[in-house]
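# Commentary on secondary and tertiary structure
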Amino acid sequence: MDVTQRWAGKNPDASRRELAPESGVISDAATWEKLWKAWHGEKAVPQVDFEKELVLVGTAPGPNLIMMQPMIDRQGDVRFSVGATRMAGPGFGYNLLKIRRAGVRSVNDTKLPGDSDPNGGADRATKAEESITVTVVGTLRTGIFAIGGETTGTTITAKGITWELDFGEQAKFRRMAESLNEKQVVVRGSLERRSGVEIKQRWIVHVSDLEAAALNRPNPDEAARQ
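Residues numbered from 1 in each chain as written. Predicted model: local features only at pLDDT ≥ 70, side-chain atom pairs only at ≥ 80, totals over all residues. Heavy atoms only, no water.

## Quick word on the environment of Phe50
Using the following cut-off: Helical segments are the DSSP runs of H or I of at least four residues, strand segments are the runs of E of at least two, and each set is numbered from the N terminus. A 1.4 Å probe rolled over the protein chains alone gives each residue an accessible area, and that area as a share of the maximum for its type sets the label: buried under 20%, exposed over 50%, partly exposed in between. Every residue pair with non-hydrogen atoms within 4.5 Å of one another is taken to be in contact.
Structurally, Phe50 can be placed in the loop between α1 (29-40) and β3 (53-61). Residue classification places Phe50 among the buried positions, given a relative accessible area of 9%. Separated by 51 residues in the primary sequence, Phe50 and Arg101 place their C-alpha atoms 7.8 Å from one another. With residues near it in sequence (within four places) discarded, Phe50 still touches Ile26, Ser27, Asp28, Ala29, Trp32, Val55 and Arg101.

Structure (structure tokens):
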């Protein structure tokens, strides 16, 4: 689909990458202004008419160039994946694409506010939203890197299957993951399948709960003696 404007760059503060929307789309002015100022300081916020336009957001760790090409199907579902160069280093790279909103009902499976059924049915918000909730007991690993930045940086492996873990804005889970690296944990959350460039199919658990497996929990009697 046509991209009407593009802003690309690099930011040396890796922590600010977390401000990128998980859905990869911005559909309101307040979110757009907050993200732009966090990444560009006092530089003037570009004009976006969110009644008629959307902004797609792609990032990757390290001082890399980001490549994105959104596609739209006949149902109005927009999909895009993020490709990146392969330079290691601090910060992150980003790409912001402005597209026309007309005819778009979802972006990477995220329904836009006010979307209605293009076939004349009731608003899709009245229908149950499909989801998969999982509980995984397995070995957690963090500090993971992947070609093109296609990784959340943390995984869990159980019975020979590996899923990525996405902690969203839960900083406490990130701290726990660092302390539980290479240990067995229990993770609960919703499962998402995401398409990639280098990794064609990624399975990601959006974590709602994380705890050490029973064998890694401290003995309460020992904790009391300490």
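Once you've had a look at it, read on.
## Brief notes about the confidence of the model for the protein
In plain terms, the rule: pLDDT is a per-residue confidence score from the predictor, ranging from 0 to 100.
Averaged over every residue, the pLDDT of the protein is 86; the share at 70 or more is 86%. Note that residues 116-126 has pLDDT below 50 and, in this model, 13 contacts with residues that lie over four places away or in other chains.

## Some points on the sheet that holds strand β12 (residues 154-158)
Formally: Note on pairing: two strands pair once DSSP finds at least 2 bridges between them. To get an axis, a line is fitted to the C-alpha atoms, and for a helix only the part in contact is used. The angle between two axes follows their N-to-C directions and goes from 0 to 180 degrees.
Reading around the barrel, the 5 strands line up as β11-β12-β13-β15-β14 and close back on themselves, with mixed pairing between neighbours. Averaged over neighbouring strand pairs, the angle between their axes works out to 55° when direction is ignored. Looking at chain direction, strand β11 (residues 133-142) and strand β14 (residues 184-195) are connected through 7 bridges and run antiparallel. Across the sheet, Gly138 pairs through a bridge with Val185, a residue of β14. Packed onto the sheet, helix α2 (residues 171-179) meets β11, β12 and β15 (201-212) and runs at close to 90° relative to β15.

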